[in-house]
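Structural overview for review
Okay, here's what each chain looks like letter by letter:
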Amino acid sequence: MGSVEDAVRSDVEQLGDLVGVEPSLSELAYTLAGRIDAAATGQCETCGEPVAQDDKLLPQLTRELRQTLAQLLEGRAADDDDDLGDLGSPD
């Protein structure tokens with residue numbers, strides 16, 4: 001496991017319990033991060049042996065990872081409880 005995948009796994013772990021499509025999105029994020037690590041290090045994803053580095057896909061993988069993480073976090077923003085948000089209501 002590379003540094004990008006480690007960081008993504010750590011970030012997703014901080015979200016706590018995953019619901020709805022969040023498990024699928026997190027798995028996609030792990031896969032993309034693994035591919036980014038492999039492209040950055042020039043390692044074969046299957047055997048770990050050095051391979052000719054082909055970073056043509058790196059920008060596309062990076063964009064896709066950012067979009068996946070943003071979508072994963074998008075649903076969490078609505079769950080943010082504001083303790084003071086109901087000050088204007090009489091109840």
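Everything here concerns the structure above.
Residues numbered from 1 in each chain as written. Predicted model: local features only at pLDDT ≥ 70, side-chain atom pairs only at ≥ 80, totals over all residues. Heavy atoms only, no water.

A tally of regular secondary structure across the chain gives three helices and zero strands. Scored against the burial criterion, the 91 residues of the chain give a buried share of 22%. Surface summary for the chain: the accessible area is close to 6,700 Å², and the carbon and sulfur share equals 49%. (Helix = DSSP H or I, 4+ residues; strand = E, 2+ residues; numbered from the N terminus. Buried < 20%, exposed > 50% of the residue type's maximum accessible area, 1.4 Å probe, protein only. Areas by Shrake-Rupley, 256 points an atom, 1.4 Å probe, with all protein chains shown as cover.)

Further remarks concern the nonpolar core. Membership of the largest hydrophobic core is limited to eleven residues, which are Val8, Val12, Leu25, Ala29, Tyr30, Leu32, Ala33, Ile36, Leu61, Leu65 and Leu72. Taken together, the elements giving at least two residues each to this core come down to helix H1 (3-13), helix H2 (22-41) and helix H3 (58-77). In this structure, Ile36 is in contact with Val4, Leu58, Leu61, Thr62 and Leu65, ignoring residues within four places of it in sequence. (Core = buried A, V, L, I, M, F, W, Y, C linked by side-chain atoms within 4.5 Å. Contact = heavy atoms within 4.5 Å.)

Once that is clear, we can look at the packing of H1 against H2. In contact at an axis separation of 7 Å, H1 and H2 are set at 160 degrees when each is read in the N-to-C sense. In terms of orientation, H1 and H2 fall into the roughly antiparallel class. Along this stretch, H1 crosses H2, giving a crossing that reads as right-handed. Residue-level contacts link Ser3, Val4, Glu5, Val8, Arg9 and Val12 of H1 to Ser26, Ala29, Tyr30, Ala33, Gly34, Ile36 and Asp37 of H2. Here the residues of the contact of H1 with H2 are counted per class, giving seven nonpolar, three polar and three charged. (Axes fitted to C-alpha atoms, helices over the stretch in contact; angles between N-to-C directions. Parallel < 35°, antiparallel > 145°, perpendicular 65-115°, else oblique. Left-handed = near helix turned anticlockwise from the far one by under 90°. Nonpolar A, V, L, I, M, F, W, Y, C, P; charged D, E, K, R; others polar.)

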